[in-house]
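# Residue-level structure breakdown
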Amino acid sequence: MDRFEGRCWLDWWANSSTLLGSAEIALVITATAGGWDARGHLTGGSDEERECFAFLCELDPVVMLRFEDHSTIPATVHVLADDGRFVLAEYTGPASRSIDHRLDS
């Protein structure tokens with residue numbers, strides 16, 4: 001496969017049974033000499049969807065990239081613009097990580 005173009009989802013999991021959030025995306029993946037290059041954008045255009053996406057990316061940029069066939073790949077989201085455009089990179093860190101995020105009241 002030299003190229004994939006289609007609909008996918010970015011899933012943020014707190015643990016194996018708690019899904020924090022999910023974003024439907026349009027994604028283009030191309031093969032490169034070093035692996036792959038992935039660029040995409042949110043399919044929804046509402047301000048609420050973009051704000052939720054930005055919040056989840058700030059909370060933790062490591063996601064599960066889920067394809068229509070339900071296969072998944074761990075990835076890291078790098079937001080490019082406020083309009084929901086981003087690039088993905090393969091996540092190669094530890095399978096289990098802790099994050100520390102506090103909500104100010």
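Criteria and cut-off values
- Residues numbered from 1 in each chain as written.
- Predicted model: local features only at pLDDT ≥ 70, side-chain atom pairs only at ≥ 80, totals over all residues.
- Heavy atoms only, no water.
- Helix = DSSP H or I, 4+ residues; strand = E, 2+ residues; numbered from the N terminus.
- Rg over C-alpha atoms; globule rule 2.2 N^0.38 Å.
- Contact = heavy atoms within 4.5 Å.
- Areas by Shrake-Rupley, 256 points an atom, 1.4 Å probe, with all protein chains shown as cover.
- Lys, Arg positive; Asp, Glu negative; His and termini not counted.
- Charge placed at Lys NZ, Arg CZ, Asp CG, Glu CD.
- Pairing = 2+ DSSP bridges.
- Axes fitted to C-alpha atoms, helices over the stretch in contact; angles between N-to-C directions.
- Core = buried A, V, L, I, M, F, W, Y, C linked by side-chain atoms within 4.5 Å.
- Buried < 20%, exposed > 50% of the residue type's maximum accessible area, 1.4 Å probe, protein only.
- Salt bridge = Lys/Arg side-chain N within 4 Å of Asp/Glu carboxyl O.

Here we take up the overall build of the chain. In terms of helices and strands, the chain carries 1 helix and 6 strands. The C-alpha atoms of the chain give a radius of gyration of 14 Å, which matches the 13 Å a tight globule of 105 residues would have. Projecting the C-alpha coordinates of the chain onto the three principal axes gives extents of approximately 45 × 35 × 25 Å. Put simply, of all contacts in the chain between residues at least 6 apart along the chain, 45% involve residues at least 24 apart. With an accessible surface of roughly 6900 Å², the chain has 49% of that area assigned to carbon and sulfur atoms. If you average the places of the 8 positive and of the 18 negative side-chain charges in the chain, the two averages end up 2 Å apart.

Right, let's get into the sheet that holds strand E6 (residues 85–90). The strand order E1-E2-E3-E6-E5-E4 describes a closed barrel built from 6 strands, whose pairing is antiparallel. Going from strand to strand, the sheet's axes swing by 45° on average, the running direction of each strand aside. Relative to strand E2 (residues 18–32), strand E1 (residues 3–15) runs antiparallel, the two sharing 12 bridges. The residue bridging Trp-13 from the neighbouring strand is Leu-19, located in E2.

Our focus in this paragraph is the nonpolar core. The biggest cluster of nonpolar side chains holds 20 residues, and the ones touching the most others in it are Leu-10, Leu-27, Phe-53, Leu-65 and Leu-88. At the level of elements, E1, E2, strand E3 (35–42), helix H1 (47–59), strand E4 (62–67), strand E5 (72–79) and E6 are the ones that each hand at least two residues to this core. Once you skip the residues sitting within four places of it in the chain, Leu-88 turns out to touch Leu-10, Leu-27, Trp-36, Ala-38, Leu-65, Ala-75, Thr-76 and Val-77.

Under the definition given, this model contains 7 salt bridges. Note that Glu-24 and Arg-7 form a salt bridge whose closest N and O atoms lie 3.4 Å from each other. Taken together, the positions of Glu-24 in strand E2 and Arg-7 in strand E1 put the pair 17 residues apart, joining distant regions of the chain. Residue classification places Glu-24 among the partly exposed positions, given a relative accessible area of 32%. Here Arg-7 ties to Glu-68 by a salt bridge, and the two come within 3.0 Å at their closest N and O atoms. You can see Arg-7 sitting in strand E1 and its partner Glu-68 sitting in the loop between E4 and E5, a full 61 residues away along the chain. One connected set of salt bridges, linked through shared partners, spans Arg-7, Glu-24 and Glu-68.

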